[in-house]
Each structure stands twice: as structure tokens, then as C-alpha cells.
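# Breakdown of the fold
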Amino acid sequence: MAVPTLVIHGDSDTVVPFEVSGRRTHEAISGSELVMIEGAPHGLTVSHKDEWNRHVLAFLAK
């Protein structure tokens, strides 16, 4: 990957657990930024939309 990459994952995702997806994605993409949202399930873009949006907008503003 040659573009800035943000990986956002919830620590309560039981559908696709962090260790299986989020951590591996972050480790596979050199220089990626990782954000773990506490208490967020698999559908974190809905359940934690304000926090997710805050992280995405901050990342895009860099």
C-alpha cells in the first residue's frame, strides 16, 4: 500500500474479532494507523457513528 491507511476496529466485535482482522490488517499495511474503539461491535459505523466519524475526519485532515 502506498497510500495513508486508517484501520478502525471495535474491541467488542464478535463477528470478526480484532485478532482475526483488525490487528492483521494493521500489521500487513506498513505505516497504517490503528484505532480501537472501546465497546464497539461489528456494526460500529452505526452503533458508534460519532466516534467513528471523529476518527475518520481527523485522519483525513492530516
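Parameters and conventions
Residues numbered from 1 in each chain as written. Predicted model: local features only at pLDDT ≥ 70, side-chain atom pairs only at ≥ 80, totals over all residues. Heavy atoms only, no water. Helix = DSSP H or I, 4+ residues; strand = E, 2+ residues; numbered from the N terminus. Rg over C-alpha atoms; globule rule 2.2 N^0.38 Å. Buried < 20%, exposed > 50% of the residue type's maximum accessible area, 1.4 Å probe, protein only. Contact = heavy atoms within 4.5 Å. Areas by Shrake-Rupley, 256 points an atom, 1.4 Å probe, with all protein chains shown as cover. Lys, Arg positive; Asp, Glu negative; His and termini not counted. Charge placed at Lys NZ, Arg CZ, Asp CG, Glu CD. Pairing = 2+ DSSP bridges. Right-handed = clockwise from strand over helix to strand, strands pointing away. Core = buried A, V, L, I, M, F, W, Y, C linked by side-chain atoms within 4.5 Å. Salt bridge = Lys/Arg side-chain N within 4 Å of Asp/Glu carboxyl O.

## A word on the overall build of the protein chain
Within the protein chain, the regular secondary structure consists of 3 helices and 2 strands. Starting at the N terminus, the α and β elements of the protein chain follow one another as β-α-β-α-α. Computed over C-alpha atoms, the radius of gyration of the protein chain comes to 11 Å, within 12% of the 11 Å expected from 2.2 N^0.38 for 62 residues, which places it in the range of a compact globule. Over its C-alpha atoms, taken along the principal directions, the protein chain stretches across nearly 30 × 25 × 15 Å. Taken over 62 residues, the protein chain has a buried fraction of 27%. Restricting the contact set of the protein chain to residue pairs at least 6 apart, pairs at least 24 apart contribute 61%. Of the roughly 4200 Å² of accessible surface on the protein chain, 56% is carried by carbon and sulfur atoms. In the protein chain, which carries 5 positive and 8 negative side-chain charges, the distance between the mean positions of the two groups comes to 4 Å.

## Focus on the pairing of strand β1 (residues 6–10)
Extensive coverage of β1 is indicated by the burial of 4 of its 5 residues. Judged from the 5 bridges that link them, β1 and strand β2 (residues 33–37) form a sheet pairing that is parallel. Residue pairing across strands places Gly10 opposite Ile37, the latter belonging to β2. Of the crossover connections in this fold, the one passing from β1 over helix α1 (residues 22–28) to the parallel β2 is right-handed.

## Re the nonpolar core
With 6 residues, the main nonpolar core is built from Ile8, Val35, Ile37, Ala40, Leu44 and Val56. Every residue in contact with Ile37, bar those within four places of it in the chain, is listed here: Ile8, His9, Gly10, Asp11, Leu44, His48, Glu51, Trp52 and His55.

## Some thoughts on the pattern of salt bridges
All chains considered together, the criterion is met by 2 salt bridges. Here Glu19 makes a salt bridge to Arg23, at a shortest N to O gap of 2.8 Å. Put simply, Lys62 and Glu33 hold a salt bridge, and the shortest N to O gap is 2.5 Å. A residue pair is termed long-range when its members are at least 10 positions apart, and Lys62 in the segment after α3 (49–60) and Glu33 in strand β2 qualify at 29 residues.

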